[in-house]
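A look at the structure
So the chains spell out like this:
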Amino acid sequence: MTAAITYAPGEFLRFLHRRRGPLVRFGAGSYRYAYLLGPEANRFVFANDDLFTMREAFEGLVPVDGETSLIVSDGDDHRRRRRLVQPSMHHRQVDQYVAIMTESADEAIDRWRPGDVVDAYQVFRAAIRRSTLRALFGARLAEDADVLGEHLQALLDLVDRSPDVIRLHRRLRTPLWQRVMRARARVDVRIHEEIDRVREAGAAADDRVLAMLVNGQGEDGGLSDEEVRDQAVTLIAAGYETTSAAMAWAIHLLVTHPAARERAAASPPYLRAVVAETLRLYPPAVVSARHVARAFEFAGRTVTAGTILLYSPYVTHRSPAVFDDPLAFRPERWLPDEPAYRRIRPYEFIPFGGGPHRCIGATMATTELTVMLGRLLERTELRAVRQRIRPTGFAAMRPRHGLRVAVSRVG
């Protein structure tokens, strides 16, 4: 079996972890950073949410997701918004989207013919975007999936840069920043049209999650139109950006491991294990962040307030102290009857983060991956194409130049 593809920034963090331990600090003045690396570091971060804030750590996402997005929310605001969004992402609600996920995968596969060489990453990126819009926001918004995708891509291209670079573009109002703001304005007009329509329809609205966001009420009331807009864009953009990257890595792993492909095609539990193993080897985020609001001690040293803290799913997932043969693709480690599966602790497998800020769309993402991979395995046979696959991405690790595969069969 081939070893996992490595990503230079993640490998550098693994090197730092081996050489300098679980805490690595650098920078000075207003630019102070601390890497907390390894499973015990993850556990500390997730268990001490009161030490951190999200707004400063994810400031670069605000141009896309908005000021009130869950990703950049803290404290009571985060808890209130999360309570109102959570019902739309419950597993019973997500189960209702399976038919749409299946249909979107089939629509993509229907365009293939034996002998074609296709970019599976781009094909399923578009399919997942359509599926997400249909499932969460109904047919009307899904009709504009390609146009919305074009505008959202301008925003995603911006947040794929480092936060310092984003701040520079924002401060200087560069041509890039102006293009991004025009793209955001077009997205906002379309989203607000749908919000207005759903508010007018009230309980009669059939727009699934959008209706739940608009009409949902908690102890402190519901979401404002701006809050609905921000949660909607977050669910759309973050959903298809990260899920489509994971889909590409899963396809790559299956076409390069024929025995695993055959087993996944015949066994739903093994297919789910393939999804988990893909997320282990290629977590959507190489690093995630927090802003240190209060100084604390970790590993015998002090991390001061104002520091940007980063922890790394990539480092933990590829650690030999956590996973046997960590660079090998071994889905069987995720089968419930395997001893290794029973030893895995929550802070050792963190593709969706952890603690109070764990990704709210985790169930949606894993279900979509499982359903679409299942359709791909049932309906096609694909072969690997000679190519150099290089990871890239600050917001989501994905294949830089796509993922080409040869189509042998379409059923």
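Residues numbered from 1 in each chain as written. Predicted model: local features only at pLDDT ≥ 70, side-chain atom pairs only at ≥ 80, totals over all residues. Heavy atoms only, no water.

A word on the environment of Arg 383
- With respect to the helices and strands, the residue Arg 383 is situated in strand E9 (residues 380-384).
- Between the C-alpha atoms of Arg 383 and Ser 408, which are 25 residues apart in sequence, the distance is 7.0 Å.
- If near-sequence neighbours (up to four positions away) are discounted, Arg 383 is found in contact with Val 255, Val 405, Ala 406 and Ser 408. (Helix = DSSP H or I, 4+ residues; strand = E, 2+ residues; numbered from the N terminus. Contact = heavy atoms within 4.5 Å.)

Section: the side chain of Gln 93
- Positionally, Gln 93 belongs in helix H5 (residues 91-95).
- Using a relative accessible area of 16% as the deciding quantity, one classes Gln 93 as buried. (Buried < 20%, exposed > 50% of the residue type's maximum accessible area, 1.4 Å probe, protein only.)

Observations regarding the layout of surface pockets
- Size it by volume and the second largest pocket reaches roughly 510 Å³.
- Ala 276, Trp 334, Tyr 341, Phe 349 and Thr 366 are, among the 24 residues lining the second largest pocket, the residues nearest its centre.
- If you list the elements that add at least two residues to the lining of the second largest pocket, you get helix H14 (268-281) and helix H17 (362-379).
- Residue contributions to the lining of the second largest pocket peak at six residues, all from H14.
- Among the residues making up the lining of the second largest pocket, the classes are represented as 17 nonpolar, five polar and two charged. (1 Å grid on protein atoms, 1.4 Å probe; cavity = no way out; pocket = protein on both sides within 12 Å on 5 of 7 lines; lining within 4 Å. Points joined across faces, edges and corners; volume = space filled by probe spheres on them. Nonpolar A, V, L, I, M, F, W, Y, C, P; charged D, E, K, R; others polar.)

Quick notes on the sheet that holds strand E2 (residues 31-36)
- Spatial strand order, E1-E2-E8-E5-E3: five strands in an open sheet with mixed pairing. A single partner strand is all that each edge strand has here, and the edge strands are strand E1 (23-28) and strand E3 (52-53).
- Contacts between helix H2 (residues 39-47) and the sheet are confined to E2, E3, strand E5 (288-292) and strand E8 (308-311), with E8 contributing the most and set at about 130° to the helix. (Pairing = 2+ DSSP bridges. Axes fitted to C-alpha atoms, helices over the stretch in contact; angles between N-to-C directions.)

Thoughts on the packing of helix H7 (residues 120-142) against helix H8 (residues 145-159)
- At a minimum axis separation of 10 Å, H7 and H8 run at an interaxial angle of 115°. H7 and H8 meet at a crossing whose hand is right-handed. Residues Arg 125, Arg 129, Arg 130, Leu 133, Leu 141 and Ala 142 of H7 form the contact with H8, whose participating residues are Ala 145, Asp 146, Leu 148, Gly 149, Gln 153 and Leu 156. (Left-handed = near helix turned anticlockwise from the far one by under 90°.)

Some points on empty space enclosed by the protein
- A full pass over the atoms with the stated rule returns one cavity of 30 Å³ or more.
- Around the largest cavity, the lining residues are Ile 251, Leu 254, Val 255, Arg 261, Leu 376, Leu 377, Thr 380 and Leu 382.
- Elements supplying a minimum of two residues to the lining of the largest cavity: helix H12 (225-255), H17 and E9.
- Among the elements that line the lining of the largest cavity, the one with the most residues is H12, at three residues.

A short note on the pattern of salt bridges
- Evaluated as defined, the whole model comprises 31 salt bridges.
- A salt bridge links Arg 80 to Glu 227, with the shortest nitrogen-to-oxygen separation between them at 2.4 Å. Of this pair, Arg 80 sits in helix H4 (residues 75-85) while Glu 227 sits in helix H12, and the two are 147 residues apart along the sequence. We note that Arg 80, like Glu 227, is buried.
- Its salt-bridge partner being Glu 378, residue Arg 375 comes within 3.0 Å of it at the nearest N-O pair. (Salt bridge = Lys/Arg side-chain N within 4 Å of Asp/Glu carboxyl O.)

Focus: a positive patch on the surface
- A cluster of basic side chains, namely Arg 161, Arg 179, Arg 182 and Arg 186, defines a positive patch on the protein surface.
- Residue position: Arg 182 is located in helix H10 (residues 175-201).
- Given the relative accessible area of 42%, Arg 182 is considered partly exposed. (Patch = residues over 30% accessible without salt bridge, like charges linked within 9 Å, V, L, I, M, F, W, Y side chains within 5 Å. Areas by Shrake-Rupley, 256 points an atom, 1.4 Å probe, with all protein chains shown as cover. Lys, Arg positive; Asp, Glu negative; His and termini not counted. Charge placed at Lys NZ, Arg CZ, Asp CG, Glu CD.)

A short note on the packing of H7 against H12
- Where H7 meets H12, the closest approach of the two axes is 8 Å, and the angle between their N-to-C directions is 145°. Helix-helix and strand crossings are classified by hand; for H7 and H12 the assignment is right-handed. Counting all contacts with H7, which are made through Ala 120, Tyr 121, Phe 124, Arg 125, Ile 128, Arg 129, Thr 132, Leu 133, Leu 136 and Phe 137, the residues of H12 involved are Ala 232, Leu 235, Ile 236, Tyr 240, Glu 241, Thr 243, Ser 244, Ala 245, Met 247, Ala 248 and Ile 251.
- Class assignment for the residues of the contact of H7 with H12 results in 15 nonpolar, three polar and three charged.

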